Amino acid sequence: MKAVEKGLVLDTAENAKSKKKSKKWDKYLADYKNYFKEYKRQYKNAQNGDHIALSQYPYMRDRWEALKGRMIEAKDNNCLTQTQVQKVDKINVKTAQLAFNELQ
């Protein structure tokens, strides 16, 4: 195989690998977003006195922190595309807004 052909094959393989990683992080990001929605729903139920939501809250809070840590670590290690970073930041802003509303 010529050097130019090898370069094209390597570029194609690297692009495929990059796309596969991007899809993996898209799935993690979708999980992160969906978990936030569930967390927010349970949080509001707990605020309204739902005893089941209150009992689940500590577990959900720990799981939320783990997911958030994974996304922040991926962001810091440049594993995410710019679009994915924007989505993570958008969810994190919503989290901050939820916490801010709790203080009021």
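Residues numbered from 1 in each chain as written. Predicted model: local features only at pLDDT ≥ 70, side-chain atom pairs only at ≥ 80, totals over all residues. Heavy atoms only, no water.

(A) Looking closely at the overall build of the chain. Regarding its fold elements, the chain presents three helices and zero strands. Per-residue burial for the chain yields a buried fraction of 23% across its 104 residues. A sequence separation of at least 24 residues applies to 70% of the contacts in the chain between residues at least 6 apart. Counting every atom, the chain has about 7900 Å² of accessible surface; 53% of that belongs to carbon and sulfur. (Helix = DSSP H or I, 4+ residues; strand = E, 2+ residues; numbered from the N terminus. Buried < 20%, exposed > 50% of the residue type's maximum accessible area, 1.4 Å probe, protein only. Contact = heavy atoms within 4.5 Å. Areas by Shrake-Rupley, 256 points an atom, 1.4 Å probe, with all protein chains shown as cover.)

(B) Looking closely at the layout of surface pockets. Estimates place the volume of the largest pocket at around 150 Å³. As for the largest pocket, its lining consists of Leu29, Ala30, Lys33, Lys87, Lys90, Ile91 and Lys94. Taken together, the elements giving at least two residues each to the lining of the largest pocket come down to α1 (3-47) and α3 (82-103). For the lining of the largest pocket, the class distribution of residues is three nonpolar, no polar and four charged. (1 Å grid on protein atoms, 1.4 Å probe; cavity = no way out; pocket = protein on both sides within 12 Å on 5 of 7 lines; lining within 4 Å. Points joined across faces, edges and corners; volume = space filled by probe spheres on them. Nonpolar A, V, L, I, M, F, W, Y, C, P; charged D, E, K, R; others polar.)

(C) How the structure looks around unusual backbone geometry. With a phi angle near 60°, Asn78 is a residue other than glycine that sits in the positive phi range. With respect to the helices, strands and loops of the structure, Asn78 is situated in the loop between α2 (51-76) and α3.

(D) Highlighting the pattern of salt bridges. Summed over the entire model, instances satisfying the criterion amount to four salt bridges. One salt bridge in this structure joins Lys27 and Asp31, with 3.2 Å as the shortest N-O distance. Of the two residues, Lys27 and Asp31 both sit in helix α1, four residues apart, roughly one turn of that helix. On the accessibility criterion, Asp31 (33% relative accessible area) is partly exposed. Measuring nitrogen to oxygen at the nearest pair gives 2.7 Å for the salt bridge that ties Arg41 to Glu38. Separated by three residues within a single helix, Arg41 and Glu38 lie in helix α1, roughly one turn from each other. (Salt bridge = Lys/Arg side-chain N within 4 Å of Asp/Glu carboxyl O.)

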